Amino acid sequence: MAQILDGKAYADKMLDEVKAAVEARAAQGLRAPALAVVLVGADPASQVYVKGKIAACARTGVTSIERRPASDITQDELNWLIDELNENPFVDGILVQLPLPKHLDAKAALHRIHPTKDVDGFHPLNQGRLFEGLPGLRPCTPSACMRMLKAHGVEMKGKRAVVLGRSEIVGKPMALMLLEEHATVTIAHSRTLDLPSVCGEADILVAAIGKPGLVEGSWIKPGAVVVDVGINRVTELALGERIFAAEPEKLAKLKEKGAVLCGDVRYGEALQVAGAVTPVPGGVGPLTIAGLLRNTLDACEQRGN
Ligand code: NDP
């Protein structure tokens, strides 16, 4: 039976560290770091994510500032809002919650954020620094995953790592971070041929594709460390019956509630073959928020109060 990598427990530890650092700053007469969250419109999923981020700020003593423009905001108006936050000396981190309404250019908005306040690590300057192996603000999900893997003593040097997914938010930065730790890294994507055998080579397998239960237990190398980044909402019973064969409690929940969350990996099957695996929920999701708070603290300290 695989070890369960409890992302929630590790995220709690990271948040406690941020809280202790904020308290240490206060003891020196320094202000709390401040995170500005921009939520355009009223997308229900985004509202849930933003609520979680604001709650994590409250828990750690980080000041949260909310800007909630209406969904018909123009690109110019959004740019001005970001400029105002860029210029505000009391704001350390700026997060524009995605997705944005279709008429807005998300990339333009993200690139507008000053690199020193780019706590999501999506600005090209910060991505370039990661590419060059320089310190800087790094995307929250992969950087928090890496912290957790290191904390669990997962050996990466010389190991085969396979990252499923090549997004700029998760897949590509995760691959670069694994490379930095001297893993031999393969990035797979929707055009990769024979995904099962590519996955089967991985000592460390990271799934970030957004396809519920795509990765079957038989694809996983015995003893591999599996990090499941995917968060999917399954509502179809036929799909659930296929992917939850080894998780009867999840199937029962789907039948009862009509929807369940799951990752890209068939967790019940992975438990039988992997050496360690992250659950969904309670794995990478909480780590992402903890990574955001850590980045906000780092941004504050790097800006020199
Ligand atoms: P994207 O949609 O931006 O990227 C998905 C990637 O998966 C693409 O590179 C795509 O390939 C690849 N892909 C899609 N289908 C397949 C397939 N059948 N076989 C192989 N590769 C495939 O997603 P994100 O990176 O933003 O997110 C991925 C997942 O992680 C989602 O479920 C998302 O909800 C979740 N997520 C979770 C977070 C957390 O906190 N736990 C944070 C961020 C994301 P191609 O490039 O060829 O199209």
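See the structure printed just above.
As a convention, each chain's residues are numbered from 1 in the sequence order in which they are written. For this predicted model, a pLDDT threshold of at least 70 governs which residues receive local features, and a threshold of 80 or more governs which side-chain atom pairs are given and counted, while totals over whole chains, interfaces and linings are taken from all residues. Side-chain measures were taken over the full set of non-hydrogen atoms in the model, leaving aside hydrogen atoms and water.

Visitor: Please clarify how the pairing of strand E7 (residues 204-207) should be interpreted in this entry.
Guide: Each regular strand carries side chains that alternate between the two faces of the sheet. The rule is simple: take the accessible area with a 1.4 Å probe, protein chains only, and divide by the maximum for that residue type; under 20% is buried, over 50% is exposed, in between is partly exposed. Under the DSSP-based scheme used, a helix requires at least four consecutive residues in state H or I and a strand at least two consecutive residues in state E, with every element numbered from the N terminus. Side-chain alternation along E7 places Ile 204 and Val 206 on one buried face and Leu 205 and Ala 207 on a second face that is also buried. When strand E5 (residues 160-164) meets E7, the two strands line up parallel, connected through four bridges. Pairing of Val 162 across the sheet is with Leu 205, part of E7. Paired strands are those between which DSSP finds at least two bridges. As judged from the four bridges shared by E7 and strand E8 (residues 225-228), these two strands associate in the parallel manner. Within E8, the position partnered with Leu 205 by the bridge is Val 226.

Visitor: I'm lost on empty space enclosed by the protein in this one. Help?
Guide: Over the atoms a probe the size of a water molecule is rolled, and this reveals where empty space is left. In this analysis a 1.4 Å probe is tested at points of a 1 Å grid over the protein atoms alone, and where it fits but cannot get out there is a cavity; an open set with protein on both sides within 12 Å along at least five of seven lines is a pocket; lining residues have an atom within 4 Å of a point. Grid points are joined across faces, edges and corners, and a volume is the space filled by probe spheres set on the points. One pass over the structure, following the stated rule, counts one cavity of 30 Å³ or more. The computed volume of the largest cavity comes to approximately 60 Å³.

Visitor: For this particular structure, what's the right way to read a nonpolar patch on the surface?
Guide: Exposure above 30% relative accessible area and the lack of any salt bridge qualify a residue for a patch; like charges then connect within 9 Å, and the nonpolar side chains Val, Leu, Ile, Met, Phe, Trp and Tyr within 5 Å. Only the protein chains shown count as cover for residues, with accessible areas throughout obtained via the Shrake-Rupley method and a probe of 1.4 Å. Whenever Lys or Arg places a side-chain nitrogen within 4 Å of a carboxyl oxygen from Asp or Glu, that contact is recorded as a salt bridge. On the surface, a cluster of nonpolar side chains totalling about 280 Å² of accessible area is made up of Tyr 49, Ile 231 and Leu 261. Here Leu 261 is to be found in strand E10 (residues 260-262). Among the residues examined, Leu 261 registers a relative accessible area of 36% and is labelled partly exposed.

Visitor: What is the right way to read the pairing of strand E6 (residues 184-188) from this model?
Guide: Across five bridges, E5 lies against E6 in parallel orientation. What sits directly across from Leu 164, in E6, is Ala 188. In this fold, E5 hands off to helix H7 (residues 171-180), which returns the chain to E6; that crossover is right-handed. The handedness rule is simple: strands pointing away from the viewer, and a clockwise path from the first strand over the helix to the second, make the crossover right-handed.

Visitor: Sorry, what's going on with the site of the ligand here?
Guide: Near the ligand lie 21 residues; those nearest to it are Arg 166, Ser 167, Ser 190, Gly 210 and Thr 288. Within the backbone of Val 229, a nitrogen or oxygen atom sits 3.3 Å from a nitrogen atom of the ligand. The definition of a polar contact used here is a pair of N or O atoms within 3.5 Å, where within protein one atom must be able to donate a hydrogen and the other to accept one, and adjacent residues in sequence count solely through side-chain atom pairs. In this structure, Thr 288 approaches the ligand through a side-chain N or O atom, which is 2.7 Å from an oxygen atom. Protein contact buries 71% of the 920 Å² of open area that the ligand shows by itself. The greatest single-element share of the shell around the ligand, amounting to three residues, is contributed by helix H12 (residues 284-302). Residues are grouped as follows: Ala, Val, Leu, Ile, Met, Phe, Trp, Tyr, Cys and Pro are nonpolar; Asp, Glu, Lys and Arg are charged; all remaining types, including Gly, are polar. For the shell around the ligand, a count of residues per class yields eight nonpolar, ten polar and three charged. One heavy atom within 4 Å of a molecule or strand is enough for the residue carrying it to be called near that molecule or strand.

Visitor: I tried to follow the packing of helix H6 (residues 140-151) against H7 on my own but got confused; where do I start?
Guide: The description of two helices packed together rests on the angle between their axes and the distance between the axes. As a packed pair, H6 and H7 sit with axes 9 Å apart at the nearest point and diverge in direction by 35°. Considering only the axes of H6 and H7, their crossing is right-handed. Across the interface between the two elements, Pro 142, Ser 143, Cys 145, Met 146 and Leu 149 from H6 touch Pro 173, Met 174, Met 177 and Leu 178 from H7. For the contact of H6 with H7, the class distribution of residues is eight nonpolar, one polar and no charged. Axis definition: a line fitted to C-alpha atoms, over the contacting stretch in the case of helices. Angles run 0 to 180 degrees between N-to-C directions. Crossings are assigned a handedness: left-handed for a near helix turned anticlockwise from the far helix by less than a right angle, right-handed for a clockwise turn. Contact between two residues is taken to exist if any of their heavy atoms lie within 4.5 Å; hydrogens are not considered.

Visitor: Please clarify how helix H10 (residues 248-257) should be interpreted in this entry.
Guide: Because an α-helix completes one turn every 3.6 residues, residues spaced three or four positions apart along the sequence face the same direction. Burial in H10 covers these residues: Lys 250, Leu 251 and Leu 254. The buried residues of H10 all sit within an arc of 100° when viewed along its axis, so they share a single face. Opposite the buried face of H10, at more than 90 degrees from it, the exposed residues are Pro 248, Glu 249, Lys 255, Glu 256 and Lys 257. Packing partners of the buried residues in H10 comprise strand E9 (232-234), helix H9 (237-243) and E10. Where H10 terminates, the next one or two residues include Gly 258, which has phi positive at roughly 85°. Directions pointing from the helix axis toward each C-beta atom define the arc.

Visitor: Would you mind going over the pattern of salt bridges with me for this structure?
Guide: A side chain of one charge can pair with a side chain of the opposite charge if their charged atoms are brought near each other. Taken as a whole and judged by the stated rule, the model has 19 salt bridges. Arg 31 serves as the salt-bridge partner of Asp 92, at 2.9 Å between the closest nitrogen and oxygen. With Asp 92 in the loop between helix H3 (75-87) and strand E4 (93-96) and Arg 31 in the loop between helix H1 (7-27) and strand E2 (34-38), this residue pair connects regions lying 61 residues apart in the sequence. Given a relative accessible area of 0%, Asp 92 falls into the buried group. Close ionic contact of Arg 294 with Asp 298 constitutes a salt bridge, the shortest N to O distance being 3.0 Å. With Arg 294 and Asp 298 both in helix H12 and four residues apart, this pair spans about one turn of that helix. Judged by its relative accessible area of 17%, Asp 298 falls in the buried class. The network of salt bridges with common partners includes Lys 8, Asp 12, Asp 16 and Arg 59.

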